[in-house]
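Read off the chains here:
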Amino acid sequence: GKAALQTQRTLLLKAEILMMLGHSDEALPIARAVADAQEASPALGPIHPDTLGSHYLVAEILMMLGYVDEALPIARAVVGAGEVNPALGPAHPNTLTACRLVAQILDKLGYSDKALSIARRAADALEANPALGPTHPYTLRSRHLVAQILHELGHFDEALPIACAIADACEANPELGPTHPDALTSRYLVAQLLNKLGHFDEALLIARAVADACEANPALGPTHPNTLGSRYLVAQTLDKLGHFDQALPVARAVADACEANPALGPTHPDTLSSRYLVAQLLDKLGHSDEALTIARAVADAEDANPALGPMHPETLASHNLVAKLLDKPGRSDEAPPIARAVADAEEANPAPSAS
């Protein structure tokens, strides 16, 4: 009855809030239970918009938890059902948003070219929809995904003007504004791209402004992954500018905060990337013993992390740093076997090394 439907909507909202707060593991069983109940309900059924919305949330949470193989068929099923539902159809914003989720998942699975094609089609369709248009948040999120995938593919020059346009549109949109997480995420991407293109001074200014705004935003705060990612970019850019002594405390603070954050923890790839940067900076500042201890711990943790593993470019970069730090008088016999193992792995797995 109506009471059951209202209970389901309340539970789904609870799952969404838990996901946004970083408690995706708690959100998942709630969203799954709601989706299953709605699918079995005579009042709704498997292709009702409410049911599809719940399955969409299940797929989104699975993606955030790293279960991308499980998330993909669910997201694809939501798209397929949305396309055949007369109340929705292929051009409906809900269907196109589910297309964007499929693109995100494909990108995480390494099918970036396919993901880019789907993200572009979704963004174009959302922009052409008279109820939405080019500045609607749905459209801007899909365009952001296009820029993000272009960034991952190394097409920095093509991605930068798209990212700048999205950030400007988010800031100008009264539904969003300059301190909204969407606007900050787009501006962060602009800083990342400027960094990759060698415009370090401009990248640093933007990264600092984004980090400060994320920290001050009540929906994010100082320990949110978005804030920590921005602070990491500040440290990384300071490193590239040669300001190692300024970069080190920022990188340490980010690594410590990532480790303490229950949504990340000590073995999360973001935490390990931050620790790797700390080791690099310590080496550049002449503290090679401390750098070696940290680099070894990072390399071992990356080896054991199922999201990375021994052949991942970031893991190989960490082992390479260990070999470099061992290549000193009294330790030089330890360095060559590690360097050879890294070279062999890179030859067998010709992906670009992490920087």
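Predicted model only: the values in this text are computed from it and were never measured.

Parameters at a glance
Residues numbered from 1 in each chain as written. Predicted model: local features only at pLDDT ≥ 70, side-chain atom pairs only at ≥ 80, totals over all residues. Heavy atoms only, no water. Helix = DSSP H or I, 4+ residues; strand = E, 2+ residues; numbered from the N terminus. Buried < 20%, exposed > 50% of the residue type's maximum accessible area, 1.4 Å probe, protein only. Contact = heavy atoms within 4.5 Å. Areas by Shrake-Rupley, 256 points an atom, 1.4 Å probe, with all protein chains shown as cover. Lys, Arg positive; Asp, Glu negative; His and termini not counted. Charge placed at Lys NZ, Arg CZ, Asp CG, Glu CD. Patch = residues over 30% accessible without salt bridge, like charges linked within 9 Å, V, L, I, M, F, W, Y side chains within 5 Å. Salt bridge = Lys/Arg side-chain N within 4 Å of Asp/Glu carboxyl O. Expected span 1.5 Å × (residues − 1). Disulfide = S-S within 2.5 Å. Core = buried A, V, L, I, M, F, W, Y, C linked by side-chain atoms within 4.5 Å. Axes fitted to C-alpha atoms, helices over the stretch in contact; angles between N-to-C directions. Parallel < 35°, antiparallel > 145°, perpendicular 65-115°, else oblique. Left-handed = near helix turned anticlockwise from the far one by under 90°. Nonpolar A, V, L, I, M, F, W, Y, C, P; charged D, E, K, R; others polar. pLDDT = per-residue confidence, 0-100.

Quick word on the overall build of the protein
Consideration 1: Along the protein, the regular secondary structure elements total 16 helices and 0 strands.
Consideration 2: For the protein, the spread of C-alpha atoms along the three principal axes comes to 75 × 40 × 35 Å.
Consideration 3: Taking all 355 residues of the protein together, the buried fraction comes to 49%.
Consideration 4: Contacts spanning at least 24 positions in sequence make up 52% of the contacts within the protein whose residues lie at least 6 apart.
Consideration 5: Accessible surface for the protein amounts to roughly 16,700 Å². Of this, 57% is attributable to carbon and sulfur atoms.
Consideration 6: Charged side chains in the protein number 25 positive and 43 negative. The centres of these two groups are separated by 2 Å.

A few points about a nonpolar patch on the surface
Consideration 1: Together, Leu-13, Ile-17, Met-20 and Leu-21 line one region of the surface with nonpolar side chains, adding up to about 420 Å² of accessible area.
Consideration 2: Looking at the secondary structure, you find Leu-13 in helix H1 (residues 2-20).
Consideration 3: On the basis of relative accessible area, Leu-13 is assigned to the partly exposed category, the value being 48%.

Points about helix H11 (residues 225-240)
Consideration 1: With 16 residues, H11 should cover 22 Å at 1.5 Å per step; its first-to-last C-alpha distance of 22 Å lies within 8% of that length.
Consideration 2: Of all 16 residues in H11, 13 are buried, a share of seventy percent or more.
Consideration 3: Among the residues trailing H11, Gly-242 stands out with phi positive, at a value near 85°.

Some remarks on the state of the cysteines
Consideration 1: Inspection of every chain in the model, using the stated rule, returns 0 disulfides.
Consideration 2: Left unpaired, Cys-164 is separated from the closest cysteine sulfur, that of Cys-170, by 12 Å.
Consideration 3: Judged by relative accessible area, Cys-164 falls into the partly exposed class, the value being 25%.

Concerning the side chain of Asp-283
Consideration 1: The residue Asp-283 is located in helix H13 (residues 269-284) in this model.
Consideration 2: You can call Asp-283 buried: its relative accessible area is 14%.
Consideration 3: Residue contacts for Asp-283: discarding those within four places in its chain leaves Ser-288, Ala-291, Leu-321, Lys-324, Leu-325 and Lys-328.

Topic: the nonpolar core
Consideration 1: Leu-57, Ile-61, Leu-101, Val-102, Ile-105 and Val-190 are the most contacted members of the largest nonpolar core, which has 101 residues in total.
Consideration 2: Leave out the neighbours within four places in its chain, and Leu-101 touches Tyr-56, Ala-59, Glu-60, Met-63 and Ala-75.

Structural notes on the pattern of salt bridges
Consideration 1: A full pass over the atoms with the stated rule returns 15 salt bridges.
Consideration 2: The salt bridge involving Arg-32 is made with Glu-70; its shortest N-O contact spans 2.1 Å. Linking Arg-32 in helix H2 (residues 24-40) with Glu-70 in helix H4 (residues 68-84), this pair joins segments that are 38 residues apart in sequence.
Consideration 3: Residue Arg-32 is classed as partly exposed on the basis of its relative accessible area, which comes to 30%.
Consideration 4: For Arg-141, the salt bridge is made with Asp-182, and the minimal N-O distance between the two is 2.5 Å. Of this pair, Arg-141 sits in helix H7 (residues 137-152) while Asp-182 is found in helix H9 (residues 181-196), placing the two residues 41 residues apart along the sequence.

Concerning helix H3 (residues 49-64)
Consideration 1: Taking 1.5 Å as the rise per residue, H3 with 16 residues should run 22 Å; its terminal C-alpha atoms sit 22 Å apart, in good agreement.
Consideration 2: Taken across its 16 residues, H3 has 12 buried, putting it largely inside the fold.
Consideration 3: Every buried residue of H3 is listed here: Thr-51, Leu-52, Ser-54, His-55, Tyr-56, Leu-57, Val-58, Ala-59, Glu-60, Ile-61, Leu-62 and Met-63.
Consideration 4: Of the surrounding secondary structure, the elements contacted by the buried residues of H3 are H1, H2, H4 and helix H5 (93-108).
Consideration 5: Gly-66, located one to two residues past H3, shows a positive phi value of around 95°.

Details of the packing of H3 against H4
Consideration 1: Between H3 and H4, whose axes approach to 8 Å, the crossing angle comes to 155°. When the interaxial angle is binned, H3 and H4 end up roughly antiparallel. When you trace H3 past H4, the crossing you get is left-handed. Judged by residue contacts, Leu-52, His-55, Tyr-56, Val-58, Ala-59, Leu-62 and Met-63 of H3 engage Val-68, Glu-70, Ala-71, Ile-74, Ala-75, Val-78, Ala-81 and Gly-82 from H4.
Consideration 2: The class makeup of the residues in the contact of H3 with H4 is 12 nonpolar, 2 polar and 1 charged.

Let's talk about the environment of Leu-282
Consideration 1: By the element assignment, Leu-282 lies in helix H13.
Consideration 2: Here Leu-282 is in contact with Leu-248, Arg-252, His-287, Ser-288, Glu-290, Ala-291 and Ile-294, once residues within four sequence places are set aside.

Observations concerning the confidence of the model for the protein
Consideration 1: Here the protein averages 89 in pLDDT, and 92% of its residues register 70 or above.
Consideration 2: Across residues 351-355 the pLDDT falls below 50, and counting only partners more than four positions away or on other chains, this stretch makes 9 contacts in the model.

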